[in-house]
Amino acid sequence: MNQEQDVTTNVVRFRRGQAQHSPYRDQKNLMEAVYGAGSLPVAAQDRETKAVAARLHLFGLVSIEAVEVDGSMRRLRPSESIHAAVERPWRISKASAGARRPFGSTARVSVASVAI
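Residues numbered from 1 in each chain as written. Predicted model: local features only at pLDDT ≥ 70, side-chain atom pairs only at ≥ 80, totals over all residues. Heavy atoms only, no water.

**Some points on a nonpolar patch on the surface**
How we decide: Residues enter patches when they are more than 30% accessible in relative terms and free of salt bridges; like-charged ones are connected within 9 Å and nonpolar ones (Val, Leu, Ile, Met, Phe, Trp, Tyr) within 5 Å. Per-residue and other accessible areas follow the Shrake-Rupley method at a 1.4 Å probe size, with only the shown protein chains counted as cover for residues. Salt-bridge detection follows one rule: a side-chain nitrogen of Lys or Arg within 4 Å of a carboxyl oxygen of Asp or Glu. The way it works is that DSSP assigns letters per residue, a run of H or I at least four long becomes a helix, a run of E at least two long becomes a strand, and they are numbered from the N terminus. We call a residue buried when its accessible area falls under 20% of the maximum for its residue type, exposed when it is over 50%, and partly exposed in between, using a 1.4 Å probe and counting protein chains only.
A grouping of Tyr35, Phe59 and Leu61 is seen on the molecular surface, where their side chains present a nonpolar patch of about 300 Å² in accessible area. Mapped onto the elements of the fold, Leu61 is located in the loop between helix H2 (47-58) and strand S2 (62-67). For Leu61, a relative accessible area of 33% translates into the label partly exposed.

Right, here's the structure in full:
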């Protein structure tokens, strides 16, 4: 006996994450943009891009400068960039070769500069 069966399949399509309003959300795209352009301005309210940049800054791959009120730049330390403040815009640039010492290296201290 040949019976026709109605096979109903429910297929649910899941969308890929949330809509990305910033093309610099993931680390690879941000690195490519910074290394391609040399530097990249980031708006003060763009927390997602600042968070990704802070992670790259922690690894020493980029350098981050905060734009002050008078237009001057202040280089941020990795510990400062982790707290992505929204009051100042940033400029992310390629890390210079000597900007960060490798992990485990010690700073040289002159004997003359140490007070005994």
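**Quick notes on the sheet that holds S2**
Sheets are built from strands paired through backbone hydrogen bonds, the pairs being either parallel or antiparallel. Under the convention used in this document: A pair of strands counts as paired when DSSP detects no fewer than two bridges linking them. All axes are obtained by fitting lines to C-alpha atoms, using only the stretch in contact for helices, and the reported angles, taken between N-to-C directions, cover 0 to 180 degrees.
With antiparallel pairing, 4 strands are arranged side by side in an open sheet as S1-S4-S2-S3. A single partner strand is all that each edge strand has here, and the edge strands are strand S1 (39-42) and strand S3 (73-75). Going across the sheet, the axis of each strand differs from the next one's by a mean of 30°, ignoring polarity. Summarising the sheet, S1 and strand S4 (residues 90-94) pair through 4 bridges and their orientation is antiparallel.

**What to know about the pairing of S4**
Sheet analysis places S2 next to S4, joined by 5 bridges and oriented antiparallel. Bridge pairing in S4 places Val62 opposite Lys94.

**So, the environment of Gln45**
Structurally, the position occupied by Gln45 is in the loop between S1 and H2. Sequence separation of Gln45 and Val86 is 41 residues, and the distance between their C-alpha atoms is 5.0 Å.

**Re the pattern of salt bridges**
This model, assessed by the stated rule, comprises 6 salt bridges. Here Glu32 makes a salt bridge to Lys28, at a shortest N to O gap of 3.9 Å. Remark: Lys28 and Glu32 occur in helix H1 (residues 27-37); sequence separation between them is 4 residues, near one turn of the helix. Arg91 is paired through a salt bridge with Glu65; the nearest N and O atoms lie 2.5 Å apart. Taken as a pair, Arg91 in strand S4 and Glu65 in strand S2 lie far apart in primary sequence, 26 residues in all. Taken together, the shared-partner salt bridges connect Glu68, Arg74, Arg77 and Glu80 into one network.

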